[in-house]
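The primary structure of each chain is shown beneath.
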Amino acid sequence: MTGNRTFTMIKPDAVEKGYIGAILQKITAAGFKIVAMKYTQLSQRDAETFYAIHKERPFFGELVEFMTRGPIVAAVLEKDNAVEDFRALIGATNPADAAEGTIRKLYASSVAENAVHGSDSDENAGIESNFHFAGREIF
Ligand code: CMP
């Protein structure tokens, strides 16, 4: 059985360009309910911890620098089949490969600055939500 919650971030590139409202509109229009949300900025340590799984990748330094350079919006979303449906809504990691109408096709500029994050599994949705909303008892 698949879970009904996922975790997202609207990344610094999309916040800088003024896309918060448009992206939240796409998310809610697709049937996701916002269970928790905050506007915040990641510290270097936050970004290194959140993306620890990528620490051996050649782009890790660039990723941490990007994700800490400005504010983000972090949110927990609820819908049946949330993880899979949200990944379909945002599109491929590289916007050049993303389907028409997806959030990354519309609002992302590159594989690095790809506008939004979406959890890749129910397990990671729980870990990532707890990272940002510890103590809120949403999971
Ligand atoms: P996301 O899938 O949300 O989480 C991992 C992030 O690493 C990814 O989004 C991109 O922001 C970034 N990333 C993935 N591949 C590359 C790459 N080849 N070069 C730079 N950044 C990348």
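Just above, that's the structure.
Residues numbered from 1 in each chain as written. Predicted model: local features only at pLDDT ≥ 70, side-chain atom pairs only at ≥ 80, totals over all residues. Heavy atoms only, no water.

1. Observations regarding the overall build of the protein
Keep this limit in mind: Here a strand is any run of E in DSSP of at least two residues, a helix any run of H or I of at least four, and the numbering for each starts at the N terminus. Note on classification: 1.4 Å probe, protein chains only; a residue is buried when its accessible area is under 20% of the maximum for its type, exposed when over 50%, partly exposed between these limits. In this analysis, two residues are considered to be in contact whenever any of their non-hydrogen atoms come within 4.5 Å of each other. Note that accessible areas follow from Shrake-Rupley with a 1.4 Å probe, and for residues the cover is restricted to the protein chains shown. Positive charge is attributed to Lys and Arg, negative charge to Asp and Glu, and no charge count is given to His or to the chain ends. Taken as the charge location is NZ of Lys, CZ of Arg, CG of Asp or CD of Glu.
The number of helices and strands found in the protein is seven helices and four strands. Traced from its N-terminal end to its C-terminal end, the protein shows the element sequence β-α-α-β-α-α-β-α-α-β-α. Principal axes of the C-alpha set define a box for the protein whose edges measure 35 × 35 × 25 Å. Among the 139 residues that make up the protein, the fraction classed as buried is 43%. A separation of at least 24 residues holds for 75% of the contacts in the protein among residues at least 6 apart in sequence. When the accessible surface of the protein is split by element, carbon and sulfur atoms take 49% of a total near 7200 Å². Distance between charge centres in the protein, computed from 15 positive and 19 negative side chains, equals 3 Å.

2. Some details on the nonpolar core
As a reminder, the rule being used: We define a nonpolar core as any set of buried Ala, Val, Leu, Ile, Met, Phe, Trp, Tyr and Cys residues linked to one another through side-chain atoms lying within 4.5 Å.
Of all hydrophobic cores here, the largest spans 19 residues; its most connected members are Ile-10, Ile-23, Ile-27, Phe-32, Phe-86 and Ile-103. Elements supplying a minimum of two residues to this core: α1 (12-16), α2 (20-29), β3 (72-78), α5 (82-90) and α6 (103-107). A total of four residues in this core trace back to one element, the largest contributor, which is α5. What Ile-23 contacts, discounting residues up to four positions off in sequence, is Ile-10, Ala-14, Ile-103, Tyr-107 and Val-116. Counting 16 residues, the second largest nonpolar core, distinct from the first, contains Ala-36, Ala-47, Phe-66 and Ile-72.

3. Digging into the site of the ligand
Inclusion rule: Nearness here has a simple test: a residue counts as near a molecule or strand if at least one of its heavy atoms is within 4 Å of that partner. Between N or O atoms, a polar contact is any pair within 3.5 Å; within protein, one atom must be a potential hydrogen donor and the other a potential acceptor, and residues adjacent in sequence are included only when both atoms are from side chains. Side-chain classes are defined by residue name, with Ala, Val, Leu, Ile, Met, Phe, Trp, Tyr, Cys and Pro counting as nonpolar, Asp, Glu, Lys and Arg as charged, and the others, Gly among them, as polar.
All residues in the neighbourhood of the ligand are listed as Lys-11, Tyr-51, His-54, Phe-59, Glu-62, Leu-63, Arg-104, Val-111, Ala-112, Asn-114 and His-117. In this structure, an oxygen atom belonging to the ligand sits 2.8 Å away from a side-chain N or O atom of His-117. Residues that form the shell around the ligand fall into these classes: five nonpolar, three polar and three charged.

4. Considering the environment of Lys-38
Note that Lys-38 resides in strand β2 (residues 33-40). Classification of Lys-38 by relative accessible area gives partly exposed; the value is 30%. Beyond its immediate sequence surroundings of up to four residues, Lys-38 is in contact with Ile-72, Val-73, Ala-74, His-132 and Phe-133. A polar contact is formed between the side chain of Lys-38 and the backbone oxygen of His-132, at a distance of 2.4 Å.

5. Examining the side chain of Asp-13
For the record, the criterion: When a carboxyl oxygen of Asp or Glu lies within 4 Å of a side-chain nitrogen of Lys or Arg, that pair is called a salt bridge.
As for its position among the elements, Asp-13 is in helix α1. Buried within the structure, Asp-13 lacks any salt-bridge partner; its nearest side chain of opposite charge belongs to Lys-17, at an N-O separation of 4.7 Å. A distance of 3.1 Å separates a polar atom in the side chain of Asp-13 from the backbone nitrogen of Ala-115. In this structure, Asp-13 is in contact with Phe-66, Arg-69, Ser-109, Glu-113, Asn-114 and Ala-115, ignoring residues within four places of it in sequence.

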